[in-house]
Amino acid sequence: MPTAPAALGRLVEGRIGRSARVTSVRAPAPGFLEVEMDAEAPPGGWHPGHEVQFRVTPTQGRRYTVRSVSGPDARRIGLLAATAADGPGTDFLRRLRPGDRTTVLAGRHRPLRERGARRLYTGDASALGTLDALAGGGSSPTVVVEVPARAAAWVAETRPAFHVLAAAPGPGAELLRRLERELREGAFTEVDGAVLLGHAGTVQRARRTLLAAGLDRGACTVRAYWAEGKRGL
Ligand SMILES: Cc1cc2nc3c(=O)[nH]c(=O)nc-3n(C[C@H](O)[C@H](O)[C@H](O)COP(=O)(O)OP(=O)(O)OC[C@H]3O[C@@H](n4cnc5c(N)ncnc54)[C@H](O)[C@@H]3O)c2cc1C
């Protein structure tokens, strides 16, 4: 529902809206915003990686991902948003203050398909929260993330297991360069599953590169989060 008539937006909100109270908002590094909320859970409860949506204007919805779930009754959800987009979604999150009441649209959690035992995860700033949620477990996957140069030191310091790349001009350029180089040099040969998140053009090119290097088509999950010139996905 990136864009929908206001009446339809209200209908969806009435069906899957969960009431929430903002508990904290902070900018941990340039280009990022961390928001925590105490939110009524959907059926099945909240899960790291849960996809949610906000009605950021009466006619527009924007999607985000639950990065963390905490609190005694697992109602405290954390989101990590990249602020480069500067559309109504980013504006909506920027305006939130502790104590504000809002509505999170969420259904039952449908986990992303993650195949393989030795996985590669890639993403950009918009996917950093999802990468935290998915790759934070005990399986030690390989995680390659491209972030704005001014935030690269913070990401590297707070996520020492991730390969952090400072973005060059052009979304995904640095990530694709690294992926192609590593494959040429024989790295990632053990990888038997991949989850590619973030900029639409980059996830498609990364997928093609991995398939050409021999990864099984069914072992590669892609989830586009944004595309140039496109408002909401
Ligand atoms: C399932 C799903 C989960 C997502 N989870 C997260 C998440 O946890 N955290 C997060 O930060 N984002 C996440 N996103 C991406 C987020 O929804 C988009 O970035 C969204 O477009 C931002 O809305 P906006 O209104 O600020 O900008 P829009 O009005 O949608 O876009 C304005 C313009 O900004 C550009 N743009 C959009 N997004 C970006 C970006 N990330 N970086 C640079 N330029 C951009 C495009 O050119 C677009 O035309 C997710 C997307 C999906 C589909």
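Just so it is clear, the model here is predicted, and its values are computed rather than measured.

Visitor: Summarise the overall build of the chain; cite the residues concerned and give the values.
Guide: On a plain count of helices and strands, the chain comes out with 6 helices and 11 strands. Taken over C-alpha atoms, the radius of gyration comes to 18 Å for the chain, in line with the 17 Å a tight globule of 233 residues would show. The C-alpha extent of the chain, read off along each of the three principal axes, is 50 × 35 × 35 Å. A burial count over the chain gives 46% of its 233 residues as buried. Considering only residue pairs separated by 6 or more positions, the chain has 63% of its internal contacts joining residues 24 or more positions apart. Of the roughly 11400 Å² of accessible surface on the chain, a fraction of 49% belongs to carbon and sulfur atoms. Between the averaged position of the 34 positive side-chain charges in the chain and that of its 23 negative side-chain charges there is a distance of 6 Å.

Visitor: Go over the domain arrangement of the chain, please, and point to the residues and values.
Guide: For the chain, the assigned domains read domain 1 (6-105) and domain 2 (119-226). Put simply, the middle of domain 1 and the middle of domain 2, counted by C-alpha atoms, are 24 Å apart. Where domain 1 abuts domain 2, roughly 1100 Å² becomes buried across the two surfaces, and 63% of that area is made up of carbon and sulfur atoms. Together, P30, F32 and R67 form the three largest contributors to the area buried by domain 1 at its contact with domain 2, with a combined 39%. Along the contact surface separating domain 1 from domain 2 lie 2 salt bridges. In this structure, R67 and D132 form a salt bridge, with 2.8 Å as the shortest nitrogen-oxygen distance.

Visitor: Account for the environment of S24, naming residues and giving values.
Guide: Mapped onto the secondary structure, S24 falls in strand 1 (residues 17-26). Those residues in contact with S24, other than ones at most four positions away along the chain, are E34, V35, E36 and P98.

Visitor: I'd love a proper account of the nonpolar core, names of residues and values included.
Guide: Counting 21 residues, the largest nonpolar core has F32, L128, L131, V145 and V155 as its most contacted members. For this core, the secondary-structure elements that each account for two or more residues are strand 5 (76-82), helix 3 (128-135), strand 8 (142-147), helix 4 (149-158) and strand 10 (193-199). In terms of residues, this core owes the most to one element, helix 4, which gives 4 residues. Both domains that furnish three or more residues to this core are identified here as domain 1 (6-105) and domain 2 (119-226).

Visitor: Lay out the sheet that holds strand 10 with the relevant residues and their values.
Guide: Taken in spatial order, the 5 strands line up as 9-8-7-10-11 in an open sheet, and their pairing is parallel. Edge positions in the open sheet fall to strand 9 (163-166) and strand 11 (220-226), since each of these has one partner strand only. The mean inter-strand angle of the sheet, taken between neighbouring strand axes irrespective of direction, is 10°. Sheet analysis places strand 8 next to strand 9, joined by 4 bridges and oriented parallel. By the bridge assignment for strand 9, V145 is matched with V164.

Visitor: Quick one: what's the story with unusual backbone geometry, residue by residue and with numbers?
Guide: If you check the backbone angles, A74 has positive phi at about 50° while not being a glycine. Note that A74 resides in the loop between strand 4 (60-70) and strand 5. The partly exposed category is assigned to A74, whose relative accessible area is 33%. For F188, which is not glycine, the phi torsion reads 60° and is therefore positive.

Visitor: Talk me through the packing of helix 5 (residues 173-184) against helix 6 (residues 200-212); I want residue IDs and the actual numbers.
Guide: One can describe the packing of helix 5 onto helix 6 by two numbers: an axis separation of 10 Å at closest approach and a directional angle of 5°. For the element pair helix 5 / helix 6, the angle class is roughly parallel. Along its contact with helix 5, which presents L175, L176, L179, E180 and L183, the element helix 6 presents T202, R205, A206, T209 and L210. Counted by class, the contact of helix 5 with helix 6 contains 6 nonpolar, 2 polar and 2 charged residues.

Visitor: So what's going on with the pattern of salt bridges? Residues and values would help.
Guide: Under the criterion given, the structure shown has 14 salt bridges. With its nearest N and O atoms 3.7 Å apart, the salt bridge here joins R76 to E36. On the criterion of sequence distance, the pair formed by R76 in strand 5 and E36 in strand 2 (residues 32-39) is long-range, its members being 40 residues apart. Here R94 and D86 are joined by a salt bridge, their closest N and O atoms 3.3 Å apart.

Conventions and cut-offs
Residues numbered from 1 in each chain as written. Predicted model: local features only at pLDDT ≥ 70, side-chain atom pairs only at ≥ 80, totals over all residues. Heavy atoms only, no water. Helix = DSSP H or I, 4+ residues; strand = E, 2+ residues; numbered from the N terminus. Rg over C-alpha atoms; globule rule 2.2 N^0.38 Å. Buried < 20%, exposed > 50% of the residue type's maximum accessible area, 1.4 Å probe, protein only. Contact = heavy atoms within 4.5 Å. Areas by Shrake-Rupley, 256 points an atom, 1.4 Å probe, with all protein chains shown as cover. Lys, Arg positive; Asp, Glu negative; His and termini not counted. Charge placed at Lys NZ, Arg CZ, Asp CG, Glu CD. Domains from an automatic or database assignment. Buried area = accessible area lost by both parts, 1.4 Å probe. Salt bridge = Lys/Arg side-chain N within 4 Å of Asp/Glu carboxyl O. Core = buried A, V, L, I, M, F, W, Y, C linked by side-chain atoms within 4.5 Å. Pairing = 2+ DSSP bridges. Axes fitted to C-alpha atoms, helices over the stretch in contact; angles between N-to-C directions. Parallel < 35°, antiparallel > 145°, perpendicular 65-115°, else oblique. Nonpolar A, V, L, I, M, F, W, Y, C, P; charged D, E, K, R; others polar.

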